[in-house]
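Each chain is listed here by its residues.
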Amino acid sequence: MESKKEFFLECYKLGIIKFGRFTLKSGIESPFYVDLRPLASDPKILKKLANYLLEMLPLDNFDIICGVPYAALPMATAMSLESYIPLIIKRKEAKSYGTKKLIEGIFAKGQNCLLVEDVITSGKSILETIEEVENEGIIVSDIVVVLDRQQGGREKLEAKGYKVHSLFKISEVVKILREMHYIDEDEVARIRDFVNGNQVVFEEKKRLSYEEKLEIAEHSFAKKILEIAIEKRSNLIASADFVTTKELLAFADIAGPHIVALKTHVDILNDFDEDETILPLKNLAQKHNFLLMEDRKFADIGNTQALQFSYGTFEISNWADLVTSHVIGGSKSLDCFVNVGVVAILGMSSQGALTDSHYREEALKVIENHPNVIGCVAQNEISDQLLLFTPGVHLGKKGDDKGQQYHAPEHVIRNYGTDFIIVGRGIYKSDDPELEALRYKTEGWKAYLSCL
Ligand code: S5P
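Parameters at a glance
- Residues numbered from 1 in each chain as written.
- Predicted model: local features only at pLDDT ≥ 70, side-chain atom pairs only at ≥ 80, totals over all residues.
- Heavy atoms only, no water.
- Pairing = 2+ DSSP bridges.
- Helix = DSSP H or I, 4+ residues; strand = E, 2+ residues; numbered from the N terminus.
- Contact = heavy atoms within 4.5 Å.
- Axes fitted to C-alpha atoms, helices over the stretch in contact; angles between N-to-C directions.
- Buried < 20%, exposed > 50% of the residue type's maximum accessible area, 1.4 Å probe, protein only.
- Polar contact = N/O pair within 3.5 Å; in protein donor to acceptor, adjacent residues only side chain to side chain.
- Near = heavy atom within 4 Å.
- Areas by Shrake-Rupley, 256 points an atom, 1.4 Å probe, with all protein chains shown as cover.
- Nonpolar A, V, L, I, M, F, W, Y, C, P; charged D, E, K, R; others polar.
- Salt bridge = Lys/Arg side-chain N within 4 Å of Asp/Glu carboxyl O.
- Core = buried A, V, L, I, M, F, W, Y, C linked by side-chain atoms within 4.5 Å.

**Q** Explain the sheet that holds strand β6 (residues 112-120) to me, please; I cannot follow it from the model alone.
**A** Pairing between the strands of a sheet comes from backbone hydrogen bonds, and it takes one of two forms, parallel or antiparallel. Taken together, the six strands give an open sheet; going across it, the order is β5-β4-β3-β6-β7-β8, and neighbouring strands pair in mixed fashion. In this open sheet, the two edge strands, each paired with only one partner strand, are β5 (103-104) and β8 (163-169). Two elements, β6 and strand β7 (residues 139-148), share eight bridges in a ladder whose sense is parallel. Bridge pairing in β7 links Ile-120 to Asp-148. Packed onto the sheet, helix α6 (residues 170-179) meets β7 and β8 and runs at close to 10 degrees relative to β8.

**Q** Can you walk me through the environment of Asp-253 in this structure?
**A** As for its position among the elements, Asp-253 is in helix α10 (residues 245-255). On the accessibility criterion, Asp-253 (30% relative accessible area) is partly exposed. Considering only alpha carbons, one finds Asp-253 and Asp-148, 105 residues apart in sequence, at a separation of 55 Å. The contact partners of Asp-253, leaving out residues within four places of it in the chain, are Leu-284, Lys-287 and His-288. At 2.7 Å, the side chain of Asp-253 forms a polar contact with the side chain of His-288.

**Q** Would you mind showing me how to read the site of the ligand here?
**A** Residues in contact with the ligand amount to 15 residues; listed here are only the nearest, Asp-241, Lys-263, Ser-349, Tyr-406 and Arg-425. Between the ligand and His-265, the relevant distance is 2.9 Å, taken from an oxygen atom to a side-chain nitrogen or oxygen of the residue. A distance of 3.4 Å is found between an oxygen atom of the ligand and a side-chain nitrogen or oxygen belonging to Lys-297. Contact with the protein chains hides 92% of the accessible area of the ligand, taken as 490 Å² for the molecule alone. Considering only residue class, the shell around the ligand consists of four nonpolar, six polar and five charged.

**Q** Would you explain the pattern of salt bridges in this entry?
**A** Between side chains of opposite charge, a pair can form as their charged atoms come close. As enumerated under the stated definition, the model contains 25 salt bridges in all. The salt bridge involving Glu-82 is made with Lys-47; its shortest N-O contact spans 3.3 Å. Linking Glu-82 in helix α3 (residues 73-83) with Lys-47 in helix α2 (residues 43-55), this pair joins segments that are 35 residues apart in sequence. Given the relative accessible area of 47%, Lys-47 is considered partly exposed. With its nearest N and O atoms 3.3 Å apart, the salt bridge here joins Asp-335 to Lys-332.

**Q** How should the nonpolar core be read in this particular structure?
**A** In a soluble, globular protein the nonpolar side chains are often hidden away together inside. In terms of nonpolar packing, the biggest core is built from 79 residues, with Ile-225, Leu-262, Phe-389 and Phe-420 touching the most fellow members. Discounting residues that sit within four places of it in the chain, Phe-389 has contacts with Ile-225, Ile-237, Met-293, Val-343, Ile-374, Gly-375, Cys-376, Val-377, Ala-378, Phe-420 and Ile-422. With 46 residues, the next largest nonpolar core counts Ile-45, Val-116, Val-144 and Ile-191 among its residues.

Here it is in structure tokens:
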């Protein structure tokens, strides 16, 4: 079998732990959120999980297995299937009719039952289940949990004489995720504080208003986009990923009044033509007062980027106000982008992107103080000096089948301090793109105002 660490990372990719700021049922704010239910949706992982849990246990001791409802039910079932130890089911509420039994299945008084739980925090729900199982005359000696949040639950159960086996502890998990650069030092410190029972201080950093950002902005295009935002009361950039000029122009005209910039991928157009595509697009940009942002995502040495920027079919330098660029080629590779605002790609929205916190920290060093850079594309907070552009925004969907991951405008603006949301299919694939552009504009602006 793979190592426990590899197995954990496989589980982690299913989104079982999220970091940020979460309000728990109790009203307490937590720097992380755990939900192991996705594990049951991947049969291979569930089977492996069952075997990892079984491996830790003195199996001969148990006559029956019982999961704490609901999250641990599929886990207990899988363990039963792998070990041939019979399963009993504990109901959450007794049936109001029929047998009114709380424990279902075949069992006998005096049998020893292994209890299975997904996460142990305070131990409260496990203790409730133990009580109900013991009321049936069943003996409980051992509890196996997938993740121990290390918040006193284990100690509470052990003080009552139960043995607690856990596959992962939050401290181990945090160590692995830090080693992998999935989380940064601040997050590690906040989790440590939280687990130790200290109240976690989430910096109540007041975000700067667009007016305040305008005061500190130096680049002419940074100023321009902020001025448009203030004037139009919009922080929306529409991504116009069309393959024909006709569709692109029609969309630019209807979305135009609501956006600060139109983001293009001109290399996907079947019929790109400077006169037919760019001239009318520039007219529309002028008519509706928005910037043109070419999402070229340059990723080469300076000399090649200079050629790609000014030559070839698209001659981007002739018309784009903003361009996106990776910074993998180092700071000097960005020197060629003159008379345009560079939006550096720091973090990508897609699943499994390699832009982990280590990459982002190094990338920030590349762009810091680069005069051509006005901001970054990222999925996390950055400094006030840079404008933050966040794609992967959708009001209805969580993602697509090609790895894109979405959040709502409110989420990114509140949690990352996003200055400009980038929305593609949420608008142009909707039934009424004009109405939807207005809806995203309104939502984005409302979220911004609520964070001031
Ligand atoms: O990390 C990123 C960076 C970018 S620029 N994730 C992204 O999705 N994008 C771009 O934003 C992507 O190329 C596409 O043009 C747009 C998102 O489109 P949507 O249809 O998924 O909203």
